[in-house]
Each structure stands twice: as structure tokens, then as C-alpha cells.
Amino acid sequence: MRRNRAIIGIVVIILIVAGLLITQPWLYFVTNEVDEAFPGLTTEQRDAVRNMPEEEKDALVAMAKENEDMAKEVAIAQTGADVVVPQAQQAMPTDMPAEPLVHSSGSFIDIDPVHGAVGTATIYELPDGDRVLRFEDFRSKNGPDLHVYLSTENPTSTFAGLGNNEIHLGALKGNVGNQNYEIPTEVDLSQYRSVVIYCRPFRVIFSSAALS
């Protein structure tokens, strides 16, 4: 019985691969590479932005919605020698960590000969309280419509599924390179055991990284 199930599983995988090669053969020959910087600003830069006059801060927030990179450059410029920070505004909340903290981390795995990835997935808690999932040294086999999820399970087989109450963090930005994914503030991270790269059209796991 187990042998029959294994044979059926192999046949299904072959059919999926064959379907992809017929409908979207270019996917296996194209590399989408990204290289995002570590999210957020340094503590000094955050202080400078926090101490900006309210009208300038509002303008910076509006700019970030249109052009995040430009907004970050403006924020970095606030740390220049010509910037005067009012003494009365220099205090920071004492419970705010000075640097990003690692919440949990794990390594991606190969699921089968067709689906797999390497690299690390790390959840960071940033000084402002935001949480971000970061992939580093990441490389995944390519496929159609790949997405990133947090899962309450730790799927290690192609058709394992995402479990219950999965959290969708967005489409995979690239199958190669460092990249960041924001985690909604309401997510209880203690309930989630892994990061999953998931192919939506075929409902298969491309890779997972157990978090600890």
C-alpha cells in the first residue's frame, strides 16, 4: 500500500512538472534576483526622524507611500552635522530595544527533486515594534505564482498543505536573493512554526523553514 502511494505521488509530481514545462517552460530557466537591504533605519536615524517637526514628519510619511527609497534617504540625511535636534525631544522610551532582535530563525529545505530552496528565514523585531521576516542567502527553484506564508505546521512534503490559520505575507519577490516581508502587528508569532514557499496554482509546497 505504501509503495502504491509513493508511486502515485511520484506520478503526480511528474505530471505537475510536465504541465509546467508545457504551459510555462520559461519559469525553470529564468532567475528573478532581488537584494533588499536590512529593513528599517539605524537607531540614530530613527531618533532623527522621531525628532523632526511634525509637518516635516508628515511630509516624510507621505513621501514613503510614493517612494520608500527616497524617504529613507531623506531620513538618513537627518543625521547630518547640520541637523539640530531640540534637546527637549531627545528622550526615547526606555522599553524600546536599541537594535533589531531575532525572534526566531530557520533554514529552508528541499522537499523533493523538483521543489526546494536554500538559505535562512529570520523573524526580526525592530526597534519601533514592527516585525519583519527576512530571507538571506536565499535561492529557490522557480515556479508559477509562488507566495510566502507563515504556517502553524511544519510541512515537509509536497502536498502537506499550509495547516490552519496560515498568514499570507505576499508573493515571493524573487527566487534568488535577500528580501523582506512585513508581518502584521496582530499576528501571534508563538502560534506559527514555519515559513513556507507555496505554489498557489498547483497547491504544492516548494520549501519550508522550521522556526525556532
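## Examining the overall build of the chain
Scanning the chain from terminus to terminus reveals 4 helices and 8 strands. Reading the chain from its N terminus to its C terminus gives the helix and strand order α-α-α-α-β-β-β-β-β-β-β-β. Burial analysis of the chain (212 residues in total) assigns 39% to the buried set. If you take every contact in the chain between residues at least 6 apart in sequence, the share linking residues at least 24 apart comes to 67%. With an accessible surface of roughly 12,300 Å², the chain has 53% of that area assigned to carbon and sulfur atoms.

## Section: the sheet that holds strand β2 (residues 117–125)
Taken in spatial order, the 4 strands line up as β1-β2-β3-β6 in an open sheet, and their pairing is antiparallel. For this open sheet the edge positions go to β1 (101–107) and β6 (179–183), each flanked by a neighbour on one side alone. The average angle at which neighbouring strand axes cross in this sheet is 20°, direction not considered. Sheet analysis places strand β3 (residues 131–140) next to β6, joined by 5 bridges and oriented antiparallel.

## A closer look at unusual backbone geometry
In this structure, Asn165 is a non-glycine residue whose phi angle is positive, near 55°. Among the secondary structure elements, Asn165 is positioned in the loop between β4 (146–151) and β5 (167–171). Since its relative accessible area comes to 61%, Asn165 is described here as exposed. Even without being a glycine, Arg203 presents a positive backbone phi close to 55°. With respect to the secondary-structure elements, Arg203 resides in the loop between β7 (194–199) and β8 (204–210).

## Considerations on the pattern of salt bridges
Side chains that differ in sign of charge can pair as their charged atoms come close. Inspection of the entire model under this criterion finds 3 salt bridges. The closest approach of N and O atoms between Arg134 and Glu136, which form a salt bridge, is 2.9 Å. Note on Glu136: relative accessible area 25%, which makes it partly exposed.

## What about the side chain of Ser194?
Considering the arrangement of structural elements, one finds Ser194 in strand β7. According to the relative accessible area criterion, Ser194 is buried, its value standing at 0%. Not counting the four nearest positions on each side in its chain, Ser194 is found in contact with Tyr149, Leu150, Ser151, Glu153, Asn154, Pro155, Ala209, Ala210 and Leu211.

## Re the confidence of the model for the chain
Residues with a pLDDT of 70 or more make up 65% of the chain, whose mean pLDDT is 79. Note that pLDDT drops below 50 for residues 81–96; the model gives that stretch 12 contacts with residues more than four away or on any other chain.

## Some points on the packing of aromatic side chains
Evaluation of the coordinates by the stated rule reveals 6 aromatic pairs. Over the face of the ring belonging to Tyr181 we find Lys173, whose NZ or CZ atom lies 4.9 Å from the ring centre.

## Re the nonpolar core
Counting 25 residues, the largest nonpolar core has Phe108, Leu133, Phe135, Val148, Leu150, Val195 and Ile197 as the members making the most contacts within it. Among the elements of the structure, β2, β3, β4, β5, β6, β7 and β8 are those that each provide at least two residues to this core. The residues touching Val195, leaving out its near neighbours within four places in the chain, are Phe108, Ala121, Leu133, Phe135, Val148, Tyr149, Leu150, Ser207, Ser208, Ala209 and Leu211. Core analysis: the second largest hydrophobic core is formed by 6 residues, Leu162, Val196, Tyr198 and Ile205 among them.

About the criteria used
- Residues numbered from 1 in each chain as written.
- Predicted model: local features only at pLDDT ≥ 70, side-chain atom pairs only at ≥ 80, totals over all residues.
- Heavy atoms only, no water.
- Helix = DSSP H or I, 4+ residues; strand = E, 2+ residues; numbered from the N terminus.
- Buried < 20%, exposed > 50% of the residue type's maximum accessible area, 1.4 Å probe, protein only.
- Contact = heavy atoms within 4.5 Å.
- Areas by Shrake-Rupley, 256 points an atom, 1.4 Å probe, with all protein chains shown as cover.
- Pairing = 2+ DSSP bridges.
- Axes fitted to C-alpha atoms, helices over the stretch in contact; angles between N-to-C directions.
- Salt bridge = Lys/Arg side-chain N within 4 Å of Asp/Glu carboxyl O.
- pLDDT = per-residue confidence, 0-100.
- Phe/Tyr/Trp six-rings, centres within 6.5 Å; stacked < 30°, edge-to-face > 60°.
- Lys NZ or Arg CZ within 6 Å of the ring centre and 35° of its normal.
- Core = buried A, V, L, I, M, F, W, Y, C linked by side-chain atoms within 4.5 Å.

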